[in-house]
Structures are given as structure tokens and as C-alpha cells.
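# Fold and contact review
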Amino acid sequence: MEQPPPQYAAYPRQQVAYGSADRLEALGQGYFDLNKVFYLNVLLVIGSNAALRTLDGWETRRLMFVITVLVLGLVIAGCAYPQLKKIGYGANWSPSMPLVAAILMGLNSALCCGIIGFAVVQSIASKEMQNYGLKAGSFSAIKKADVAAAVATLRAQGASGPT
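The model shown is predicted, which means the values in this text are computed figures rather than measured ones.

Secondary structure assignment for the protein yields five helices and zero strands. Secondary structure elements of the protein, listed N to C terminal, follow the sequence α-α-α-α-α. Here the C-alpha radius of gyration of the protein, 22 Å, is well above what a compact globule of 163 residues would show, namely 15 Å. In terms of principal-axis extent, the alpha carbons of the protein reach across some 85 × 45 × 30 Å. Split into buried and exposed, the 163 residues of the protein put 34% on the buried side. Counting every atom, the protein has about 10,700 Å² of accessible surface; 65% of that belongs to carbon and sulfur. A gap of 3 Å separates the mean positions of the 13 positive and 8 negative side-chain charges of the protein.

Further remarks concern the nonpolar core. Counting residues in each nonpolar core, the largest one holds 30 residues, and the members touching the most others are Leu24, Leu34, Leu84, Met129 and Val147. For this core, the secondary structure elements donating two or more residues are helix 1 (21-53), helix 2 (58-90), helix 3 (97-108), helix 4 (115-130) and helix 5 (144-157). Of all the elements, helix 1 adds the most residues to this core, at eight residues. Once residues lying within four places of it in the same chain are set aside, the contact partners of Leu34 are Ala80, Gln83, Leu84, Ile87, Met105, Phe118, Val121 and Gln122.

Time to look at helix 2. Compared with an ideal rise of 1.5 Å per residue, which puts 33 residues at 48 Å, helix 2 spans 47 Å between its outermost C-alpha atoms and is within 8% of the ideal. Helix geometry: helix 2 is bent most strongly at Tyr81, by close to 35°, with proline Pro82 lying one to four residues after it. Among the residues of helix 2, those classed as buried are Thr68, Leu72, Gly73, Ile76, Ala77, Ala80, Gln83, Leu84, Ile87, Gly88 and Gly90. Residues of helix 2 that are buried sit in contact with helix 1, helix 3 and helix 4. In the segment just after helix 2, Asn92 is the residue with positive phi, at about 60°.

On the surface, Leu40, Leu44, Leu63, Met64, Ile67, Val71 and Val75 cluster together into a nonpolar patch covering about 510 Å² of accessible area. Secondary structure elements with two or more residues in the nonpolar patch: helix 1 and helix 2. Inspection of the secondary structure puts Leu44 in helix 1. Residue classification places Leu44 among the partly exposed residues on the basis of a relative accessible area of 31%.

Considering all chains together, one arrives at three aromatic pairs under this definition. On the basis of an interplanar angle of 85° and a centroid distance of 4.9 Å, the ring pair of Tyr31 and Phe32 is categorised as edge-to-face. Given the relative accessible area of 14%, Phe32 is considered buried. Aromatic pair Phe38 and Tyr39: ring centres 6.2 Å apart, planes at 55°, arrangement tilted. The class of Tyr39 is exposed, set by a relative accessible area of 54%.

In this structure the tally under the stated criterion is five salt bridges. A salt bridge links Lys86 to Asp33, with the nearest nitrogen and oxygen atoms 3.5 Å apart. Residue Lys86 is found in helix 2, and its partner Asp33 is found in helix 1; the two are separated by 53 residues along the sequence. According to the relative accessible area criterion, Lys86 is partly exposed, its value standing at 25%.

The rules behind these values
- Residues numbered from 1 in each chain as written.
- Predicted model: local features only at pLDDT ≥ 70, side-chain atom pairs only at ≥ 80, totals over all residues.
- Heavy atoms only, no water.
- Helix = DSSP H or I, 4+ residues; strand = E, 2+ residues; numbered from the N terminus.
- Rg over C-alpha atoms; globule rule 2.2 N^0.38 Å.
- Buried < 20%, exposed > 50% of the residue type's maximum accessible area, 1.4 Å probe, protein only.
- Areas by Shrake-Rupley, 256 points an atom, 1.4 Å probe, with all protein chains shown as cover.
- Lys, Arg positive; Asp, Glu negative; His and termini not counted.
- Charge placed at Lys NZ, Arg CZ, Asp CG, Glu CD.
- Core = buried A, V, L, I, M, F, W, Y, C linked by side-chain atoms within 4.5 Å.
- Contact = heavy atoms within 4.5 Å.
- Expected span 1.5 Å × (residues − 1).
- Bend = angle between axes of the 7 residues up to and from the residue.
- Patch = residues over 30% accessible without salt bridge, like charges linked within 9 Å, V, L, I, M, F, W, Y side chains within 5 Å.
- Salt bridge = Lys/Arg side-chain N within 4 Å of Asp/Glu carboxyl O.
- Phe/Tyr/Trp six-rings, centres within 6.5 Å; stacked < 30°, edge-to-face > 60°.

Take a look at the structure:
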């Protein structure tokens, strides 16, 4: 003989907030500051391209191209790492993931200005911020004011959330 499904009391349950204010704030800071690194990347690529065009001789251009790619990669990886560390904290990445992402973004910085790397990381951060109830606009964009308001709300509620 089959047992009927258990009956549960219909009472309101407390809603548990996702994450914490600190994690959302770190996500937002990393997300928005990564734009500055992207703009720096574009400026450096344009400047290095213009400088390379002024050089004479194939050997000189090739040597300077290799040096430019190495320097560009190191600069972008170094500038992106602090932002990726914030995103990694907010998205609960393993401690090595921001470093790996920074190295990959540095390697990709000379190709297409690293557009793919920046887009992927910001998309990941955007999806994580959407878990906090934030709405994304076109291209998964989140507004800075919305992040600040959500952080303030979480702080007012005293939400510590899961770590």
C-alpha cells in the first residue's frame, strides 16, 4: 500500500540572502575597474603599433614587436591581477584562479586587445552579481549605482551569508 506524501506546514520561511555585502562590493569593484585596464590595454596597443610603424628595417621591427608583446603582456597581467583578485574573492574562486586569469589576459592582450578575456571575466562577474538580484542590461552590463545600492541594502540587513 502506497504512503501519501508527507504534509508540511505552510508557514513563511526566512529568506536567506545570497553571499555577503563584502563579496558583492569586491565583485563590483573588480568588474568596474577591469574596464580601466581594458582602456589601458587599447591605448598601449595603439601606441605600440604607431611606434612600431616608425621603425626602419625588418629585423628591428621584429625585435621591437617581441619586446612590445612581452612588456604589454606583463603590464596588463600586472594591472588586471588586483581586479581579478577582487572578482575571485567575490565569486569564491580558488586562490590560484586570479593569477591564472591574469596570465591568460596578459598573453591575450596583444591579440585583439584581449577583448575576449575581458569579456569572459566580466561576464562571469556579471552572472555572479545577478545572483544577488541585480539586473543586467545589454551585454550583461551591471550599473555601478545598482551595485552600490545592493551593497548598502545587504549591509543594512546585516547579511553575512555563506562564506
